[in-house]
Amino acid sequence: MSDRHGASGTFDALREQLTTAAEAFAGGPSAVPGILSGMVDDVDRALSERLEIFPVCHHSPASALAMAKRLRDKQPKVVYLELCEDLRPLLDELRNCRLPVALQAFASEIDGFPPEAAPLSVVAPITEASAEYQAIAYALDTPGVELVLVDRSTDHVFQWEPDAPAGTAAPEAETDSEDDAALHGDAVGLEIGDLRPGFAELEEHLLHHGRVRHWSEWWDQYVEQPLIGADYATYRQVMVLIGSLFRRLRPGRRGLGVEEDRERYMWTRMREHLASSGADPADCLYVCGAFHAASTVAQFGLDGDAEPFEISPRTGTRWLYGLIPSSHAAIEAQFGLASGSVSIAAATWDKARRHARVTPYRLKGQKGTREPAKNPVPAPPEPVADRLSGFLAAPPALDAVDEDELLGWCTGIVGLARRNGYLASTADAIAVFETSVLLAGLRGRRRPTPYDFQDAAITCIEKDVVPGRRDVRRLCEILLGGDRIGQVGYDALPPLARDVLDRLAPLGLDLEKRTIQRALIDLGARPELAPCSQLLWILRHLLPDDAVRPIMGSRRLGERSIQESWDLAIGRNQRSLIELGYEGVSVEQVLEQRLRRAVHAEHATASVALDAVEQSLLYLGGGRLTDELGARAVELLSAERTVDDAPEVLRRMRRLLAHYRATRPALPRWCEAFVTTGYAHYCTLLPTAFTDDDTGVRQVAAMLGFLFGMESLALSFGCDHAQLELAVRQSHPEAPAKVALLWAASSQLGLLSQADLRTRCDDLLANPLIVPTFPQYISGFVQALEPVPALTPLVVEVISKAFARLPDTVLLPWLPTLITTLRDNARELVPVLVREAGRTFPGTLAGVDTWVPPWSERPAPAPAEPVPAGPVADLLAAHPASYEAVADLLGYDRTAGAPLRPGEAEAAALSARHPETAEAVAALLGCPAHQANP
């Protein structure tokens, strides 16, 4: 490659010196001299290219500072940037945002990719302390400058890497702010200039000998700090050298295939643009990662004779583009950086630009920015000279300890620690200062870095105790700059997001803030807020749970709240709101599309369709969409071969029927079809469900609840009752709970009387072999309360008999099984039993002693003799001579049938119960004993 592109000879001395040293060190032929010589060739080739290449590392303050300096000196007319070319229209909207934000490409409807890959999402975060932002701000605000994105499109990202992960490496440290770290969601991250060893052994070696904990600290110590004050020529040569090192030390060329295709793509696009625009390469600047600056592909450079790279066409996927908020924590989580490293880089950038007196480029009109300084006269280009030899040979320039800065950190962390519950004092501040200096010395550096200070603070203040929510590491990150969170401005939002903010404006809240705000809606006093309430309920359904949370008020069929209270965190969930804008132009349209997709999904069920019907009634007012979703529910129900969702189907259908009966004169046609289809469907599956071990008791009970609860409605629509009766007769379950369900169903149909059912339960309790499984029978009876609520007194009776008849030796081990069975299988129906028991048993302790169970056996009372009544009986009783004469005439005993006078019946009954008294009186009067009892 050096021969093809013509080595300049500038680095011949360095090449010879490194090769000789490597051979002497290795003691013979090895691969080390070739690697070192190749690295020098890469630097020579990159710097000899007519198109100036600016190597960068992502989120590097040294790169950003060098970029700001070089742009003012060179003032290029064309800036080629390593970023997806289809993201170019989004860059103009950055001036309406507060950094950091992320450029996003999103696709929910894909064409040309596997269906299970949807949705596809790509993000490219941008911070102010980054070289790419400096280039973007310069190009957009400088007249006559063109910004051209030359990297592959987002469609090619997934074409070339269909299994692209969300991040480039595993996170080095956990972040404390999970909400802020999740701002990018599960999108694939794009970064400019990923510089990291290609295999773990090299990274571990560097960390061990560098006396640091993670890669972010190594990079800051050995690259950022030496380069942040270097001149531009030294910066370029060192960055290309590092990129070449990591490129050549990648075993087996792992991952180079896609990276080399990207390089071919970018050089092809730049050649095409130069040919079409006629721009002078001397007035252009190519900003790319240092890894790509050391490229060895044949298409590298403008003077190569290699064949042009053939760019494959994009797929039919429709991509949507927008800006989403980002944060330092989200960037760290996305790209596997240490927690707080991006915040430390931002603080380093602020300090370095103040020290170097460099005015950075900022977009005009951007929030939190000032008017940038004007560009000076461009400086003439400098010839390429060897700066690497001096940089590599000379020892690093060691900064003295900045005592004022370190003292400010120490006193600041002590104050923060006190406010967060730590018992910190001035002595701790002194200890942190001394420990920071000590750690820096042990790690071979004179000036303590933020990482040394962080370790010292943890050692001296935390002491293995965290009194609050934030540990000392998090407090140090806050002190050094904190986690900056970006925001997308109103003008850069998609139409849906702007529509939501406009429609919620009557609430009088600033919904772009990231704080949680309380919205109070009194619909009685302010009925004009009803549209706001409706919109909030829709957002409650579409956005994450913490974005829109109702505190007071509810939305159900047949219910409307008079007063509502909401906790709104829409600004904190701006990413979710923006992604809604990718699905439609209004939230109603998005909800309608989601409901349609849900009922037509591959694994959609009848319960899912009924839920969609209910949501369409609540949020969209019903209409043709509701009828369409209901018709789909009928199709799904008839196609189901299992009854797993029978409880949900029953619950939702009951609620819908109650709503339609209360609001409409007649049921919709889809409701009639659903009832008739469900009646026939469940009758057909009932015998199989009773015997299938995979079908639970609750599902069978729900089937019976549907059949019995909606039987009258189904019969009115033309169904046949005989179908249900045949289904019950054909059911022959073996599981105890299902046997109890079958008995309850037979009782409801009149196939089994209550007396027979009571007798069967008594026989179960009398059989000692069945007593251990009796809780399962009870569970079946409790589940039967859903289809047969009239069975509740009998179930209470059966449970009471079990507690009354079973001995303690059987009852005590049996009781936990009963409780767990009822809790697992009939939790929602136990309160029905409790209410029935409250009506059956006495309410006071005194009533328990005299209480007789209504189901206990009582002796049948003896039939009472008929007592004549009326005027005839009274006449005969007043004049007995008449009926006595008639009795003598007919030959009857006159005393046998004599009517009793009033009060004589009670006296006769009393003397019959106590004959001793009558006999004693007879003996006293001298009468025969047989005459004593009348």
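Residues numbered from 1 in each chain as written. Predicted model: local features only at pLDDT ≥ 70, side-chain atom pairs only at ≥ 80, totals over all residues. Heavy atoms only, no water.

(A) Inspection of the overall build of the protein chain at higher detail. Secondary structure summary: the protein chain contains 42 helices and 13 strands in total. Burial analysis of the protein chain (934 residues in total) assigns 50% to the buried set. Contacts in the protein chain between residues at least 24 apart in sequence constitute 76% of all its contacts with a sequence separation of at least 6. (Helix = DSSP H or I, 4+ residues; strand = E, 2+ residues; numbered from the N terminus. Buried < 20%, exposed > 50% of the residue type's maximum accessible area, 1.4 Å probe, protein only. Contact = heavy atoms within 4.5 Å.)

(B) Quick peek at the confidence of the model for the protein chain. Summarising the model, the protein chain shows a mean pLDDT of 80, and 83% of its residues fall at 70 or more. Scored below 50 in pLDDT, residues 1-6 shows eleven contacts in the model against residues more than four places distant or in partner chains. Below a pLDDT of 50 lies the segment residues 930-934, which in the model reaches six contacts outside its immediate sequence neighbourhood of four places, other chains included. (pLDDT = per-residue confidence, 0-100.)

(C) Representation of a nonpolar patch on the surface within the structure. Together, Val886, Leu889 and Leu890 give the surface a local cluster of nonpolar side chains, amounting to about 340 Å² of exposed area. Within the fold, Leu890 resides in helix α40 (residues 880-890). Looking at Leu890, the relative accessible area reads 57%, which means it is exposed. (Patch = residues over 30% accessible without salt bridge, like charges linked within 9 Å, V, L, I, M, F, W, Y side chains within 5 Å. Areas by Shrake-Rupley, 256 points an atom, 1.4 Å probe, with all protein chains shown as cover. Salt bridge = Lys/Arg side-chain N within 4 Å of Asp/Glu carboxyl O.)

(D) Here's a closer look at helix α22 (residues 530-542). Here α22 is 13 residues long and its end C-alpha atoms lie 19 Å apart, about the 18 Å a rise of 1.5 Å per residue gives. Listed as buried for α22 are Cys532, Ser533, Leu535, Leu536, Trp537, Ile538, Leu539 and Leu542. (Expected span 1.5 Å × (residues − 1).)

(E) Examining the pattern of salt bridges more closely. By the definition in use, this model includes 40 salt bridges. The shortest N-O distance in the salt bridge between Arg269 and Glu85 comes to 3.1 Å. Separated by 184 residues along the polypeptide, Arg269 in helix α12 (residues 256-277) and Glu85 in the loop between β2 (78-84) and α5 (88-91) bring together distant segments of the chain. Each of the salt bridges in this network shares a partner with another, and the network as a whole consists of Asp611, Glu614, Glu648, Arg651, Arg652 and Arg655.

(F) Inspection of the sheet that holds β2 at higher detail. Taken in spatial order, the four strands of this open sheet run β1-β8-β2-β6, and their pairing is parallel. The open sheet has two edge strands with one neighbour each: β1 (52-56) and β6 (146-151). Shown here is a sheet whose adjacent strand axes are inclined to one another by a mean of 30°, direction ignored. By the bridge criterion, four bridges tie β2 to strand β8 (residues 284-289) in an arrangement that is parallel. In the strand pairing of β8, Val79 is matched with Leu285. Across the sheet, helix α4 (residues 61-74) touches β1 and β8, and the angle it forms with β1 is around 160°. Sheet strands touched by helix α6 (residues 131-141): β1, β2 and β6. Its angle to β2, the strand with the most contacts, is close to 135°. (Pairing = 2+ DSSP bridges. Axes fitted to C-alpha atoms, helices over the stretch in contact; angles between N-to-C directions.)

(G) The pairing of strand β11 (residues 517-522), seen in detail. The two faces of β11 differ: Gln517, Ala519 and Ile521 on one face are buried, but Arg518, Leu520 and Asp522 on the other face are not. When β11 meets strand β13 (residues 563-568), the two strands line up antiparallel, connected through six bridges. If you follow Arg518 over to β13, its bridge partner there is Asp567.

(H) Layout of helix α25 (residues 606-619). Here α25 contains 14 residues, and its C-alpha end-to-end distance of 20 Å stays within 8% of the 20 Å for a straight helix at 1.5 Å per residue. The set of residues buried in α25 consists of Ala606, Ser607, Ala609, Leu610, Ala612, Val613, Glu614, Gln615, Ser616, Leu617, Leu618 and Tyr619. Looking at the buried side of α25, the elements it contacts are α22, α24 (587-599), α26 (624-639), α27 (646-663) and α28 (669-691). Just downstream of α25 lies Gly621, where phi reads positive at about 80°.

(I) Just the sheet that holds β13, in detail. If you trace the three strands from one edge of the open sheet to the other, you get β11-β13-β12, paired in antiparallel fashion. This sheet does not close on itself; its edge strands, each paired only once, are β11 and β12 (548-552). Looking at each pair of strands side by side, their axes are set apart by 25° on average, direction ignored. Sheet topology places β12 next to β13; four bridges connect them, and they run antiparallel. Its bridge partner lying in β13, Met552 is registered against Ser565.

(J) Quick peek at the environment of Thr426. Structurally, the position occupied by Thr426 is in helix α18 (residues 426-442). In this structure the C-alpha to C-alpha distance between Thr426 and Val414, which are twelve residues apart in sequence, comes to 7.5 Å.

(K) Looking closely at the nonpolar core. Formed by 203 residues in total, the largest nonpolar core has its most connected members in Leu103, Leu504, Met653, Phe674 and Leu791. Take this core: its biggest share by element is eleven residues, from α28. When sequence neighbours within four positions are dropped, the list of residues in contact with Phe674 reads Leu610, Ala633, Val634, Leu637, Val649, Met653 and Phe706. (Core = buried A, V, L, I, M, F, W, Y, C linked by side-chain atoms within 4.5 Å.)

(L) The pairing of β8, seen in detail. Counted residue by residue, β8 has six buried out of six residues, so it is predominantly covered. Here β1 runs beside β8; their pairing, made up of five bridges, is parallel. In the sheet register, Phe54 faces β8, and the bridge partner there is Val287.

(M) Representation of the environment of Ser121 within the structure. Considering the arrangement of structural elements, one finds Ser121 in strand β5 (residues 120-126). Considering only alpha carbons, one finds Ser121 and Leu320, 199 residues apart in sequence, at a separation of 9.5 Å. In terms of polar contacts, Ser121 uses its side chain to reach the side chain of Gln104, at 2.9 Å. (Polar contact = N/O pair within 3.5 Å; in protein donor to acceptor, adjacent residues only side chain to side chain.)

(N) Examining the environment of Arg729 more closely. Assignment of secondary structure puts Arg729 in helix α31 (residues 721-729). Among the residues examined, Arg729 registers a relative accessible area of 49% and is labelled partly exposed. For Arg729 and Ala745, which are 16 residues apart along the polypeptide, the C-alpha to C-alpha distance reads 9.9 Å.

(O) Structural detail: the packing of aromatic side chains. Counted under the stated rule, the structure contains 21 aromatic pairs. Here Phe54 and Tyr232 contribute two aromatic rings whose centre-to-centre distance is 5.6 Å and whose plane-to-plane angle is 25°, an arrangement assigned as stacked. Of this pair, Phe54 sits in strand β1 while Tyr232 sits in helix α11 (residues 232-248), placing them 178 residues apart in sequence. Taken individually, Phe54 and Tyr232 each receive the classification buried, so the pair is uniform in this respect. Joined through ring pairs, the aromatic side chains of Trp743, Phe774, Tyr777, Phe781, Phe803 and Trp814 make up one cluster. The cationic tip of Arg72 hangs over the ring face of Tyr361; the distance from NZ or CZ to the ring centre is 4.1 Å. (Phe/Tyr/Trp six-rings, centres within 6.5 Å; stacked < 30°, edge-to-face > 60°. Lys NZ or Arg CZ within 6 Å of the ring centre and 35° of its normal.)

(P) Representation of the packing of α26 against α28 within the structure. The geometry of α26 relative to α28 is characterised by a closest axis approach of 9 Å and an angle of 10° between their N-to-C directions. As summarised for this structure, α26 and α28 are arranged roughly parallel, according to the angle between their axes. Contacts between α26 and α28 involve Thr626, Asp627, Gly630, Ala631, Ala633, Val634, Leu637 and Ser638 from the former and Trp670, Ala673, Phe674, Thr677, Gly678, His681 and Tyr682 from the latter. Of the residues belonging to the contact of α26 with α28, the class tally is eight nonpolar, six polar and one charged. (Parallel < 35°, antiparallel > 145°, perpendicular 65-115°, else oblique. Nonpolar A, V, L, I, M, F, W, Y, C, P; charged D, E, K, R; others polar.)

(Q) Representation of the packing of α25 against α27 in the model. Interaxial distance between α25 and α27 falls to 9 Å at its minimum, and their mutual angle equals 30°. As judged from the angle between their axes, α25 and α27 are roughly parallel. For the element pair α25 and α27, the recorded crossing hand is left-handed. On the side of α25, the interface is formed by Ala606, Ser607, Leu610, Asp611, Val613, Glu614 and Leu617, while α27 contributes Glu648, Val649, Arg652, Met653, Arg655, Leu656, His659 and Tyr660. A breakdown of the residues in the contact of α25 with α27 according to their chemical character gives eight nonpolar, two polar and five charged. (Left-handed = near helix turned anticlockwise from the far one by under 90°.)

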